[in-house]
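Observations on the three-dimensional arrangement
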Amino acid sequence: MLKRAAVLVGILLAVTAGAKPVVVGGTLASVTEAPWAIALNNTQSAASSGRYCGAVLVEPDKLVTAAHCMDEDVSTYYAVQGRADLGDDSVGRVSAISKVWIHPGYNTKDNRYDFAVLTLSKPFTGVPVLPLETRARADRAGVVPTVYGWGDTQGTGPDETLQKAAVPDLGDKTCLANQSYVANGYAAVTNVCAGYLKGAIDACQGDSGGPLVLNGRLLGVVSWGEGCAQPGEPGVYAQIAPAAKALQAQLR
Ligand code: ARG
């Protein structure tokens, strides 16, 4: 009897471990391969590590993140570079945020233009930056960008450790076919629909504002989704290209 129970538990564990999410369902990423991946921490965070959102270094003193990450007082944020495990504060560089710009087109009703540009008090000099993707047609079904972040893994990986996952671009039609995505403001011009219709691999809470990277350029930032890694509910990313001019104007 006990043996049977143990076997059942074993099977359950195996099944749970197999359904991996990274980011939900991702793999470990190093800060060497993703030096521009920034943890946008906050002193108000529920996590003792300060984990809060992601961001991306686009100039030595400028980050792009999600506008919806910027609800707290600017003094509570700090950017961390070069720290794959947020629990290990013996490594990496830290800077406060001196200025926040929110894209004027952002609103919480349709979540469009979910972008903020942050200025670092102490530039991360010498760290490779990620260029912006300025071509709208880079977002098309079939390409396979990679998302990076320290967000929830739903048990599929270590918590608060930089993960990455390849998430196929499903094309706008896929997200426009989902009524609740349309109701939440999904728009072909300003969003990227990426992930897996079967679920299991996706960005998740805590990844917001982090980079979606294709061919060495910033294609989008993590914005929203229905749950994480759920079948039929891909990740929604704020697309850089339609906002590139406005963003670049903040980088000078
Ligand atoms: N809004 C979330 C955050 O603040 C990110 C959600 C991404 N969700 C998803 N299923 N791709 O971290």
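Residues numbered from 1 in each chain as written. Predicted model: local features only at pLDDT ≥ 70, side-chain atom pairs only at ≥ 80, totals over all residues. Heavy atoms only, no water.

In the annotation of an unreviewed UniProt entry, the entry for the protein chain reads Trypsin, and the organism field reads Kribbella kalugense.

1. Concerning the pattern of salt bridges
A pair can form between side chains of opposite charge whenever their charged atoms are brought close. Overall, the coordinates contain six salt bridges when judged by the stated rule. The salt bridge partner of Arg 51 is Glu 160, with a shortest N-O separation of 3.9 Å. Within this pair, whereas Arg 51 is found in the loop between β2 (37–42) and β3 (53–59), its partner Glu 160 is found in the loop between β8 (146–149) and β9 (163–166), the two being separated by 109 residues in sequence. A relative accessible area of 18% means that Glu 160 is categorised as buried. Two residues, Asp 110 and Arg 112, come together in a salt bridge whose shortest N-O distance is 3.8 Å. Through salt bridges that share partners, Arg 51, Asp 152 and Glu 160 make up one connected network. (Salt bridge = Lys/Arg side-chain N within 4 Å of Asp/Glu carboxyl O. Helix = DSSP H or I, 4+ residues; strand = E, 2+ residues; numbered from the N terminus. Buried < 20%, exposed > 50% of the residue type's maximum accessible area, 1.4 Å probe, protein only.)

2. What about the state of the cysteines?
Throughout the structure, instances matching the rule amount to three disulfides. A sulfur-sulfur separation of 2.1 Å characterises the disulfide bridge that pairs Cys 175 with Cys 193. Taking the sign of the S-S torsion, about 80° here, the bridge from Cys 175 to Cys 193 comes out right-handed. Placement of Cys 175 in helix α2 (residues 172–176) and of Cys 193 in strand β10 (residues 191–194) is noted, with a sequence separation of 18 residues between them. (Disulfide = S-S within 2.5 Å.)

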